[in-house]
Amino acid sequence: MVTTAVHKSQHQQSPVLIVGNYCHDVLIQNNAVKAVSLGGAASFISNVFNRMSISCNVVSKVGEDFKYPVSYTPIVIPTSKTTVFHAYFDLGFHGKRHQDRILKRVCACDPIRPSDLPDTRSNYGMAVGVGGEILPETLERMIEICDVVFVDIQALIRVFDSVDGTVKLVKLEETGFYPLLPRIGVLKASSEEAVFMDVEEVRRWCCVVVTNGKHGCKLYWKDGELGISPFLANQEDPTGAGDSFFGGLVAGLVQGLAVPDAALLGNLFGSLSVEQIGLPKFDTRLLQRVNDEVQKRKMQCLLYERSDDELKFLRPEGHEQFHTVLAAEKLVTPCSIEEHQWNSPSSTKETEQIAVPHFPKQPKLLANPMYEEPIQRFE
Ligand SMILES: Nc1ncnc2c1ncn2[C@@H]1O[C@H](COP(=O)(O)OP(=O)(O)OP(=O)(O)O)[C@@H](O)[C@H]1O
Ligand SMILES: O[C@H]1[C@H](O)[C@@H](O)[C@H](O)[C@@H](O)[C@H]1O
């Protein structure tokens, strides 16, 4: 279970194994490319880990066209291209349900196979594919070589339109991953994705974490559930919020926090992530203070440590205070949001602005019956 691995990690110090492809994200709004950025859950999560000094190992595949410097070298596949997603920010209407963006996978790199994984064991595994690159056998191998595996449901339930790559979701129980659920530790889903599983069923097997944007997240386990408070944020780009959340959650657990406190750290990183376009840059002073608070919190919790694994899910004493302190730290650190506005040049290394969108001279106006508004699509 989740907390057993937490305790093991304190003795063994082995890294977290992150499995999922890096990708190129193209953010599109009002028919114009607003930014091109390094993407993929693996990049957002390792970004959080680096800043929280958590050691990790990333297994990711890209093509020779991969154009970003990353801390964890990917496997380069000469015969394949890097996975590319186009995120359309103004097409998010599907019937009456609003989605924050429509995603299209326009290029897909090779899948990650069991033989691509290391032979060495890890305390934690994170199955965080974005473009269908994680196969059931890959997840099974992760379960064998990691003490506990954290899975993002987006790695399991995404399917891709054969014509234009539009990401659609299928029911979890219809996938080849379903039989593996009793062997994983945590399944994370956004509220949009959570409707593609039977939470009541899945929580009997593993802890389910459902994120819900500005409302924070909710934990479900066999015997209970708990809402975790959000942090205020000026949302600029939701891309990667779920990934940064997941990074924060696992970073908290690796550091020895109880599950609700770790989820609070997840909410903090999710809220920091939405304030910037692409891969977020975290303020060094804020990170230092957050790290200090995590260490203090860990020491406080050791004082009244509970032995029963199930109890580790319950809100520990002082949880609200931990939220207040983190929220205050976030407030006092000025965020350089101006650098990351959609319409101003970006100074981040990983995010580049495209001044002249590379679109055909005459974009074709298509009335798509799936959406309330006609959309412009570029071919
Ligand atoms: N507007 C916001 N204000 C504050 N916190 C936010 C906001 N949006 C997201 N978060 C934080 O980030 C977490 C993940 O966000 P969300 O539920 O939108 O995930 P997601 O849909 O998987 O994101 P994405 O697919 O864009 O990576 C939330 O649980 C919350 O903690
Ligand atoms: O970079 C993003 C990010 O990793 C998102 O979480 C994922 O949903 C997208 O597919 C990807 O392009």
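Reading the values: the criteria
- Residues numbered from 1 in each chain as written.
- Chains lettered and ligands numbered in written order.
- Predicted model: local features only at pLDDT ≥ 70, side-chain atom pairs only at ≥ 80, totals over all residues.
- Heavy atoms only, no water.
- Near = heavy atom within 4 Å.
- Polar contact = N/O pair within 3.5 Å; in protein donor to acceptor, adjacent residues only side chain to side chain.
- Areas by Shrake-Rupley, 256 points an atom, 1.4 Å probe, with all protein chains shown as cover.
- Nonpolar A, V, L, I, M, F, W, Y, C, P; charged D, E, K, R; others polar.
- Core = buried A, V, L, I, M, F, W, Y, C linked by side-chain atoms within 4.5 Å.
- Buried < 20%, exposed > 50% of the residue type's maximum accessible area, 1.4 Å probe, protein only.
- Axes fitted to C-alpha atoms, helices over the stretch in contact; angles between N-to-C directions.
- Helix = DSSP H or I, 4+ residues; strand = E, 2+ residues; numbered from the N terminus.
- Parallel < 35°, antiparallel > 145°, perpendicular 65-115°, else oblique.
- Left-handed = near helix turned anticlockwise from the far one by under 90°.
- Contact = heavy atoms within 4.5 Å.
- pLDDT = per-residue confidence, 0-100.
- Phe/Tyr/Trp six-rings, centres within 6.5 Å; stacked < 30°, edge-to-face > 60°.
- Lys NZ or Arg CZ within 6 Å of the ring centre and 35° of its normal.

## Quick look at the site of ligand 2
Part 1: Contacts to ligand 2 come from 14 residues, most closely from Asp25, Gly40, Gln154, Arg158 and Asp243.
Part 2: In the environment of ligand 2, an oxygen atom lies 3.1 Å from a nitrogen or oxygen atom belonging to the backbone of Ala41.
Part 3: For ligand 2, an oxygen atom lies 3.0 Å from a polar atom in the side chain of Gln154.
Part 4: With the chains in place, 96% of the 300 Å² that ligand 2 exposes on its own is no longer accessible.
Part 5: Looking at side-chain class alone, the shell around ligand 2 contains six nonpolar, four polar and four charged residues.

## What about the nonpolar core?
Part 1: Ile18, Phe49, Met52, Met126, Phe150 and Leu265 are the most contacted members of the largest nonpolar core, which has 74 residues in total.
Part 2: Counting 34 residues, the second largest nonpolar core, distinct from the first, contains Ile112, Leu156, Phe177 and Val210.

## Things to note about the packing of helix α8 (residues 259–273) against helix α10 (residues 319–332)
Part 1: Relative orientation of the contacting elements α8 and α10 amounts to 20 degrees, with a least axis distance of 10 Å. Judged on the interaxial angle alone, α10 and α8 are roughly parallel. Along this stretch, α8 crosses α10, giving a crossing that reads as right-handed. In this structure, α8 contributes Pro260, Asp261, Leu264, Leu265, Leu268, Ser271 and Leu272 to the contact, and α10 contributes His319, Phe322, His323, Leu326 and Lys330.
Part 2: Among the residues forming the contact of α8 with α10, the class breakdown is seven nonpolar, three polar and two charged.

## Examining the confidence of the model for the protein chain
Part 1: For the protein chain, the mean per-residue pLDDT works out to 84, and 79% of the residues sit at or above 70.
Part 2: The low-confidence segment residues 3–13 (pLDDT under 50) makes 22 contacts with residues lying over four places distant or belonging to another chain.
Part 3: A low-confidence stretch, residues 336–379 (pLDDT under 50), is modelled with 82 contacts involving residues beyond four sequence positions or located in other chains.

## Topic: unusual backbone geometry
Part 1: Located in the positive-phi region is Asn30, a residue other than glycine, with phi close to 50 degrees.
Part 2: In this fold, Asn30 is placed in the loop between β2 (23–29) and β3 (32–39).
Part 3: The class of Asn30 is exposed, set by a relative accessible area of 56%.
Part 4: The phi torsion at Ser53 lies on the positive side, around 55 degrees, for a residue other than glycine.
Part 5: Residue classification places Ser53 among the exposed residues on the basis of a relative accessible area of 66%.

## Quick notes on the packing of aromatic side chains
Part 1: Applying the stated criterion across every chain yields a total of seven aromatic pairs.
Part 2: Summarising the aromatic geometry, the rings of Phe66 and Tyr68 are spaced 6.3 Å apart at their centres and angled 70 degrees between planes, so their arrangement reads as edge-to-face. Note on accessibility: Phe66 and Tyr68 belong to one class, buried.
Part 3: Seen in terms of ring centroids, Phe269 and Phe282 are 5.2 Å apart; in terms of plane orientation they differ by 80 degrees. Their pairing is edge-to-face. Linking Phe269 in helix α8 with Phe282 in the loop between α8 and α9 (284–303), this pair joins segments that are 13 residues apart in sequence. The two residues Phe269 and Phe282 agree in class, both being buried.
Part 4: Members of the aromatic cluster, each reached through a chain of ring pairs, are Tyr22, Phe66 and Tyr68.
Part 5: Note that Arg105 overlies the ring of Phe160, its terminal NZ or CZ placed 3.9 Å from the centroid.
Part 6: The aromatic ring of Phe246 is capped on one face by Lys188, whose charged end is 5.8 Å from the ring centroid.

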